[in-house]
Amino acid sequence: MLVACWAVKGGVGTTVVSVAAALGAADVARPTLLVDLAGDVPACLGIAEPQGPGVAEWLAAGTAPPDALARLEVSVAAGLSVLHRGAGPLDARRASVLLQVLASSGRPIVVDAGRIDDAPVARRFAAEADRSLLVTRACVLALRRAAVAPVRPSGVVLVREPGRALSVRDVEATVGAPVVADVAVDPAMARAVDAGLALTRLPRQLSLALGAVAA
């Protein structure tokens, strides 16, 4: 199962959702791979920025064998590995090969695709993943962009903030996909991320709920 988490607007929580989903999947269906296409996963987890090549270098190599991708993974917790973004642009010419190699691993794979505008590789993952999850807030501006996005998600992770007038039904009607997870903004979650402690201090209930969507 390859799950791509993506957004049409920055700051909605795509990386946190991806990390929580991967942690939850690893808890119930080890081993799990978290693929970082946006570049923020190490900071969110509170781990050192991985050294050496990552996805960007593998894509740019052109002739790199598929099995070389697995050697770029970094184990960060029991049952959870990270494939980091690397440096430089993500060359879209081998995006289909990357998708095939990852999908053939037989593991739950969660991809933090980030924003898909002006990001062809991220957009490809969002379009072709087994489960394509739009991460959004119940914000009119975000939903306007989602309604005209070039990718239709298979589900929506709604990050709910207090005071928003739009309902789950409004979100589903605008996006054209069901809300598969309704996540309330939690101060404890924000503190864990800001402190770089998401690996150990994300609320367990959140990880399990999102892990069930990804596993």
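Preceding this section is the structure that the text describes.
Residues numbered from 1 in each chain as written. Predicted model: local features only at pLDDT ≥ 70, side-chain atom pairs only at ≥ 80, totals over all residues. Heavy atoms only, no water.

Participant: When you look at the side chain of His84 in this model, what are you seeing that I'm missing?
Facilitator: Within the secondary structure, His84 sits in the loop between strand S4 (80–83) and helix H4 (95–103). At a separation of 3.3 Å, a polar atom in the side chain of His84 contacts the main-chain amide nitrogen of Gly86. (Helix = DSSP H or I, 4+ residues; strand = E, 2+ residues; numbered from the N terminus. Polar contact = N/O pair within 3.5 Å; in protein donor to acceptor, adjacent residues only side chain to side chain.)

Participant: Teacher, can you tell me more about the packing of helix H1 (residues 14–28) against helix H10 (residues 204–214) here?
Facilitator: Two packed helices can be described by the angle between their axes and the distance between those axes. Packing of H1 against H10 brings their axes to within 6 Å, and their N-to-C directions diverge by 80°. By the angle class used here, H1 and H10 are roughly perpendicular. Here H1 contributes Val17, Ala20, Ala21, Leu23, Gly24, Ala25, Asp27 and Val28 to the contact with H10, which in turn contributes Arg204, Leu206, Ser207, Leu208, Leu210, Gly211 and Ala214. For the contact of H1 with H10, a count of residues per class yields 10 nonpolar, 3 polar and 2 charged. (Axes fitted to C-alpha atoms, helices over the stretch in contact; angles between N-to-C directions. Parallel < 35°, antiparallel > 145°, perpendicular 65-115°, else oblique. Contact = heavy atoms within 4.5 Å. Nonpolar A, V, L, I, M, F, W, Y, C, P; charged D, E, K, R; others polar.)

Participant: How do you make sense of the pairing of strand S7 (residues 155–160) when you look at a structure like this?
Facilitator: Consecutive residues of a regular strand have side chains that alternate between opposite faces of the sheet. Of all 6 residues that make up S7, 5 are buried, and the element is covered over most of its length. The sheet contact formed by strand S6 (residues 131–137) and S7 spans 5 bridges and is parallel. Counterpart to Thr136 in the pairing with S7 is Leu158. Where S7 and strand S8 (residues 179–184) come together, 5 bridges link them in parallel fashion. Counterpart to Arg160 in the pairing with S8 is Ala184. (Buried < 20%, exposed > 50% of the residue type's maximum accessible area, 1.4 Å probe, protein only. Pairing = 2+ DSSP bridges.)

Participant: Honestly, the side chain of Glu161 in this entry has me stumped. Any pointers?
Facilitator: One can find Glu161 in the loop between S7 and helix H7 (168–175). Of note is the side chain of Glu161, whose polar atom sits 2.8 Å from the side chain of Arg137. A polar atom in the side chain of Glu161 sits 2.9 Å from the side chain of Arg164. Once residues lying within four places of it in the same chain are set aside, the contact partners of Glu161 are Arg137 and Val185.

Participant: What is the right way to look at the nonpolar core in this model?
Facilitator: Note that soluble globular proteins tend to have their nonpolar side chains buried in a common cluster. Counting residues in each nonpolar core, the largest one holds 43 residues, and the members touching the most others are Val35, Leu102, Val111 and Phe125. Looking at which element gives the most residues to this core, the answer is H4, with 5 residues. Membership of the second largest hydrophobic core comes to 34 residues, among which are Val17, Leu34, Leu80 and Ala181. (Core = buried A, V, L, I, M, F, W, Y, C linked by side-chain atoms within 4.5 Å.)

Participant: What am I meant to see in unusual backbone geometry here?
Facilitator: Most of the time, phi is negative for any residue but glycine, and the peptide bond is trans. The backbone of Asp118 shows a phi angle near 60°, a positive value even though the residue is not glycine. In this fold, Asp118 is placed in the loop between strand S5 (109–115) and helix H5 (120–128).

Participant: Would you take a moment to explain the environment of Arg123 for this structure?
Facilitator: If you trace the backbone, Arg123 turns up in helix H5. On the basis of relative accessibility, which here comes to 27%, the residue Arg123 falls in the partly exposed class. Considering only alpha carbons, one finds Arg123 and Ala92, 31 residues apart in sequence, at a separation of 9.8 Å. Ignoring any residue separated from it by four or fewer positions in sequence, one finds Arg123 in contact with Ile116, Asp117, Asp118, Pro150 and Val151.

Participant: What is the right way to look at the state of the cysteines in this model?
Facilitator: Note on terminology: a disulfide is the covalent bond linking the sulfur atoms of two cysteines. One pass over the structure, following the stated rule, counts 0 disulfides. Cys5 carries a free sulfur, and the closest cysteine sulfur to it, the one in Cys44, is 12 Å from it. (Disulfide = S-S within 2.5 Å.)

Note that all results are geometric; they support no functional claim without further evidence.
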